[in-house]
Amino acid sequence: QKEVEQNSGPLSVPEGAIASLNCTYSDRGSQSFFWYRQYSGKSPELIMSIYSNGDKEDGRFTAQLNKASQYVSLLIRDSQPSDSATYLCAVDYKLSFGAGTTVTVRA
Amino acid sequence: EAGVTQFPSHSVIEKGQTVTLRCDPISGHDNLYWYRRVMGKEIKFLLHFVKESKQDESGMPNNRFLAERTGGTYSTLKVQPAELEDSGVYFCASSRGNQPQHFGDGTRLSIL
């Protein structure tokens, strides 16, 4: 079993729609959870961090964490073409990454 | 504030040669991490420095890889001798305390 698994992509959404990304992790003791965005050929860029159960909102992004279900998600509201990228879920200080979900926002 | 800087951005070497990658973390960041992404796989942790000390090197694949961070500033990752399976993108990240990590653009390493 992989440590961190993300829903398989690619994910294509129309401009203005909500993109929903999911991630599950295997270590029940994990405490820190991150979403990174990576454009092709560029570095992973932190967009959200979440440490406690519930929702955390930052602009158009909302992260949701459920430790009991070992599940973390990212919602992108009002998706824009500039949101087209690969989104990486990462867990803990010694970041364990998922394979990433590629999102394409259609204009 | 300058970000994490890595160079070279690309390196192409032959099997058996030596390559040294460099990472300059964000100023003031005590934590420095190396990661690697090989073709088609997830980004994998290699090691973690706190200042000049190796805190965790559990991800280093074998003894052909040597990482240093003399003086607790920049870090180097040397591969000697390079093998075909070492090809991939090597990322460096840094952080201050328990804050999230910030990544460099990576070094794309190709072994021929």
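Residues numbered from 1 in each chain as written. Chains lettered and ligands numbered in written order. Predicted model: local features only at pLDDT ≥ 70, side-chain atom pairs only at ≥ 80, totals over all residues. Heavy atoms only, no water.

Asker: Can you tell me about unusual backbone geometry, naming the residues and giving the values?
Answerer: With an omega dihedral of 0°, the bond running from F7(B) to P8(B) counts as a cis peptide bond. The residue P8(B) is located in the loop between β1 (5-7) and β2 (10-13) in this model. Of note, the bond from Q80(B) into P81(B) is cis; its omega dihedral lies within 30 degrees of zero at -10°. Inspection of the secondary structure assignment puts P81(B) in the loop between β8 (75-79) and β9 (88-95). For Q70(A), which is not glycine, the phi torsion reads 55° and is therefore positive. By the secondary structure assignment, Q70(A) is in the loop between β7 (61-66) and β8 (71-76). The buried category is assigned to Q70(A), whose relative accessible area is 12%. (Helix = DSSP H or I, 4+ residues; strand = E, 2+ residues; numbered from the N terminus. Buried < 20%, exposed > 50% of the residue type's maximum accessible area, 1.4 Å probe, protein only.)

Asker: Mind laying out the side chain of R69(B), listing which residues take part and the relevant values?
Answerer: All names here are of chain B. Tracing the chain through its elements places R69 in the loop between β7 (65-68) and β8. This buried residue, R69, is left without a salt bridge; D30 holds the nearest opposite charge, at 5.8 Å. One polar contact links the side chain of R69 to the main-chain carbonyl oxygen of G72, over a distance of 3.0 Å. Among all residues touching R69, those that are not within four sequence positions of it are P25, H29, D30, N31, L32, F49, V50, K51, E52, Y74 and S75. (Lys, Arg positive; Asp, Glu negative; His and termini not counted. Salt bridge = Lys/Arg side-chain N within 4 Å of Asp/Glu carboxyl O. Polar contact = N/O pair within 3.5 Å; in protein donor to acceptor, adjacent residues only side chain to side chain. Contact = heavy atoms within 4.5 Å.)

Asker: Give a description of the state of the cysteines that names residues and reports values.
Answerer: Residues and elements named next belong to chain A. Under the defined criterion, the tally for this structure stands at two disulfides over all chains. Residue C23 pairs covalently with C89 via a disulfide, S to S 2.1 Å. Disulfide C23 to C89: torsion about the S-S bond roughly -75°, handedness left-handed. Pair noted here: C23 is in strand β3 (residues 19-25) and C89 is in strand β9 (residues 85-91), with a separation of 66 residues, a long-range link. (Disulfide = S-S within 2.5 Å.)

Asker: Provide a residue-level description of the sheet that holds β8(A), including the pertinent values.
Answerer: Residues and elements named next belong to chain A. With antiparallel pairing, the five strands of this open sheet are ordered in space as β1-β3-β8-β7-β6. Of all strands in the sheet, those with a lone pairing partner are β1 (4-6) and β6 (54-58), marking the two edges. Direction aside, the axes of adjacent strands within the sheet are offset by 20° on average. Where β1 and β3 come together, three bridges link them in antiparallel fashion. Within the sheet, the bridge partner assigned to E5 lies in β3 and is T24. (Pairing = 2+ DSSP bridges. Axes fitted to C-alpha atoms, helices over the stretch in contact; angles between N-to-C directions.)

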